[in-house]
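Structural overview for review
Single-letter residue listing:
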Amino acid sequence: MSDTPQVEPVPQETRTLTKDQVVATPPPVKRPKEARPASLWGDAWHDLRRRPMFIVSLVLIAILLVMSFWPSLFSSIDPFSARTCELATARQGPSPGHLFGRDNQGCDVYARTIYGARNSIVIGVTTTLITAIVGGLLGLMAGTRGGVVDTVTSRITEIFFAIPSILGALLITATFRDQDLGIWIVVIALSILAWPMTFRIMRAAVITARSQDFVIAARALGASQSRIMFRHLLPNALAPVIVIATINLGGFIAAEAALSFLGVGVQSPDISWGLMIADARNRFLEAPLPLVFPAVFLSITVLAFIMMGDAVRDALDPKLR
Amino acid sequence: MRKTSPDVLPAEGGLGNEPLLALEDLHVEFGTRAGIVRAVNGVSYTLDSGETLAVLGESGSGKSVTAQAIMGILDMPPARIPKGEIRFRGTDLLKLSEEARTQVRGQRIAMIFQDALSALNPVFTVGWQISEMFRVHRGMSKRDGMAKAVELMDKVRIPAARQRLNDYPHQFSGGMRQRIMIAMAIALDPEVLIADEPTTALDVTVQAQIMELLAELQRESNMGMILITHDLGVVADVADKIAVMYGGRIVENALVHDIYKAPAHPYTKGLLESIPRVDLKGQELYAIKGLPPNLLDMPPGCAFHPRCPYRQDNCVTDVPPLYEISGTRNSACHYWREVLDGDNR
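Residues numbered from 1 in each chain as written. Chains lettered and ligands numbered in written order. Predicted model: local features only at pLDDT ≥ 70, side-chain atom pairs only at ≥ 80, totals over all residues.

1. Some thoughts on the overall build of chain B
Of the regular secondary structure elements, chain B holds 13 helices and 12 strands. Computed over C-alpha atoms, the radius of gyration of chain B comes to 21 Å, within 12% of the 20 Å expected from 2.2 N^0.38 for 345 residues, which places it in the range of a compact globule. Seen through its principal axes, chain B has C-alpha atoms that stretch 65 × 55 × 45 Å. Taken across its 345 residues, chain B has 46% of its residues classed as buried. Partitioning the intrachain contacts of chain B with sequence separation of at least 6 by distance along the chain shows that 65% fall at a separation of at least 24. (Helix = DSSP H or I, 4+ residues; strand = E, 2+ residues; numbered from the N terminus. Rg over C-alpha atoms; globule rule 2.2 N^0.38 Å. Buried ≥ 20, exposed ≤ 12 C-beta atoms within 10 Å, placed from the backbone. Contact = placed C-beta atoms within 7 Å.)

As C-alpha cells, then:
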C-alpha cells in the first residue's frame, strides 16, 4: 500500500480495484506516537505515571522493599544480637546512634523498626499471592463452568465469610501454635480467611466477561474450554483482582500487626511492628517513642499499599478517566 | 451433555450426494422462569458448496438461534434441542462429542458476528488474534502465524496490514473491524461460513463493501454461506436462495429471484413492501401491522394470523404445513395461491 493518499485506483498485482474498493482503502493514517499505548494495560500505565498518588506510593513501597531485603543498609545495629541491648538504658530517649531511643529491654528502637519491615512485607506479599492464586483460580473455574461447580464453591466461600476474621485468625493461630511454624502461621491464618474475597471478585468479573460476544466468538472459531478460560476470560477479568490484591496487601500487614499485638502472631525473638507495639504499650506514658515509631511505619506501609491499589483501580477503570 | 455415539468427523469430501449442510426438523427451546420459550420450531433447510442461503426474519424469529445451534455455541442449559438433526456432510453434529464439535468449529464451520468490536477480544492485538487461529489449530509458530495474519488482512483488504498488525480492535473503524472478524473466520478455509447480520452495525456504504468482500471470498473458496439478516436489500445481490423465518418456523423457501418477483407468503410480501423505494417518495412507508409473536405464548394456528391481511377462519385454528409450490419453493400459508397471484389486500 502506498503512503500517499490514493485518488486514482491503483492496480495491484492481478487484482483490479473497482470503485467501491477504493472507498474501502483509505490512505494509511499517520498516528501520532503519543497515541501508541492503547491496550488496557498500556493505557493504565500511561495514566498511572502521571498520578502523584501512584508515584508517592511507589516510592514508599520501593523504600520498604529495600528495607526489608537489606535492612543493614539502614541500620548498623543488628537487633538480633543480644549485645546490642542494654537493660540499664531501657526506655532511654533519642541519643546519637540511637535516633528513636531504646525500648523496655534497652534495645535500639530504630534498628528493630527497620528489621521489623521484613516480616510485615513477607507476610503481606505471600498472603496476597496465595489468596490471589487460590481465590483467583477457583473464581475463574467457578465463573467459567457455572452450574454445580459454581454453586458448591460459592457456598464454601460463604462459610468462610461467616467467620469473624480476627476471631477466626485467633482460633487458627492458637490451634497451630505448637507446630512451630514461625511467621508462616500468620500467613496460613490470613490466607484461609481472605481467599474467598478474591474468589468472589474473580468470579463476578469472569461471569461479566463470559457473556460478552468475544467469548462466544472465540468458541465459534474453535477455541477449547481451557483456552477460553485462560486466554479470553482471565485477561479480561484480571483488573479488579489486581486492584483488590493491592488494597488487601495493606490490610494483611495491618492484620499481622493486630495478631502479633494480641500475642498469637509473630513471636519473639522474631521482630514485628505489632509485637513492638504490644511490648511498648505498658509503659507508653513513660516512654511513648518505642510505640510511636513502629506504629507510624505500620500506618505508612498500609497507607502506601492502599493508595497504590486506589490508583491502580482508577487507572484500570476507563469510565473514571 | 455426553453424547454416546462414536466420534466420526464428517469426511472432507462429503458422502455421495449429501448436501454440505442439512437441517432437519430442528427444534430449540429455552427453559426460562416464565416458561419454555420455543425459539425454533421445526426448521429444515439445506446448503450446498458455493451456495449462499439468506435466512431472513425479524428479531426473535429464531434465525440467530438456528445459527448458534449449528455452531454448537448455545448455552445448554438453558437451551435444549429436543428434536431435529444438523447434518454436516452426512454426519449429525448434534450426536458428536464436545471435543469433536470443537474440531468442527472454526476449521470446518466458522461464524461472523454482528458487532465486530465486541466479538474481538479487547486486550489482544488483531495480529495476535488472527494468528491464534493458526497457532491453535495448525500448530504454527508465532512468526509463521503472524505472517499468515498479514496475508489474511491483505486478503480482506485492510490497508497497511503489516503496520496495523499490532493495533488493538478499538483502533479500527467499524468496517475494518468486521474485515478482521472475517479474516479470522476464513483463516482455516471453512466449508461453511455463517454470517450473523454481518453488516447491521455498519453504515450503508461500508455494508456494500463487506457484502462484496464476502461474496468474493466465497467465489474463491467455494464455501457454503448462510447469511442471516433482516435486511432484504442486502440479500438481493448476494444470495442464491432465501429462507424466511417467522416465529421460529420457516414460512417461505425460495430462490432469490422468485421471491422478489412474487412472494408466496403474506409475511414475505409485507417485508418486501416495507423496503423504502425511491419511486414511492413522499408516500407513507408500508409497515407490517402488529408485533412479532410472543414466543412464550404463540398464537394458535398460523403464528402470523394476527397480523395477516389474508386471514381466513381456518388460519386461527390450523397450523399451515410447508406447502410445496415448486421443486425449489415452499410456503407455509393456506392461501399461498392468492398471495402469489398478487391479490392485493
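2. Overview of the pairing of strand β2 (residues 35–47) of chain B
All names here are of chain B. Judged from the 10 bridges that link them, strand β1 (residues 21–32) and β2 form a sheet pairing that is antiparallel. Pairing of leucine 23 across the sheet is with tyrosine 45, part of β2. The loop that links β1 with its antiparallel partner β2 comprises 2 residues. (Pairing = 2+ DSSP bridges.)

3. Description of the UniProt feature "domain: ABC transporter" (unreviewed entry) in chain B
When the UniProt feature table is mapped onto this chain, "domain: ABC transporter" (unreviewed entry) is found at residues 21–272 of chain B. Secondary structure across residues 21–272 of chain B comprises 40% helix and 28% strand; the distance between its end C-alpha atoms is 28 Å. (UniProt positions renumbered as here; feature names shortened; annotations may be inferred.)

4. Let's talk about the sheet that holds strand β11 (residues 323–326) of chain B
Residues and elements named next belong to chain B. Read across the sheet, 8 strands follow the order β6-β7-β8-β3-β9-β10-β12-β11 without closing on themselves; strand pairing throughout is mixed. Pairing within the sheet leaves two strands with one partner each, and these edge strands are β6 (109–112) and β11. On average, adjacent strands in this sheet sit at an angle of 20° to one another, irrespective of strand direction. In terms of strand pairing, strand β9 (residues 241–246) meets strand β10 (residues 249–255) through 6 bridges, oriented antiparallel. Each bridged residue has a counterpart across the sheet, and for alanine 243 the counterpart in β10 is asparagine 253. (Axes fitted to C-alpha atoms, helices over the stretch in contact; angles between N-to-C directions.)

5. Observations regarding the confidence of the model for chain B
Residue and element names in this part refer to chain B. Scored by pLDDT, chain B has a mean of 81; 94% of the residues are at 70 or more. Under a pLDDT of 50 for its full length, residues 1–6 has, in the predicted model, 5 contacts with residues more than four places off or in other chains. Taken together, the chains of this predicted complex give a pTM of 0.72 and an interface ipTM of 0.76. (pLDDT = per-residue confidence, 0-100.)

6. Quick look at the interface of chain A and chain B
Each partner contributes residues to the interface: chain A has 26 residues there, and chain B has 32 residues. For the side of chain A that touches chain B, the secondary-structure elements that each account for two or more residues are α1 (19–23), α8 (213–220) and α9 (225–261) of chain A. Of all the elements, α8 of chain A adds the most residues to the side of chain A that touches chain B, at 6 residues. Here the residues of the side of chain A that touches chain B are counted per class, giving 14 nonpolar, 8 polar and 4 charged. (Nonpolar A, V, L, I, M, F, W, Y, C, P; charged D, E, K, R; others polar.)

7. Overview of the sheet that holds strand β5 (residues 91–92) of chain B
Within a sheet, each strand pairs with its neighbour through backbone hydrogen bonds, oriented either parallel or antiparallel. Residues and elements named next belong to chain B. Reading across the sheet, the 4 strands line up as β2-β1-β4-β5 and stay open at both edges, with antiparallel pairing between neighbours. The open sheet is flanked by β2 and β5, the only strands paired with a single partner. The sheet contacts of helix α1 (residues 63–71) involve β1, β2 and β4 (79–88), and relative to β2 the element is tilted by about 70°.

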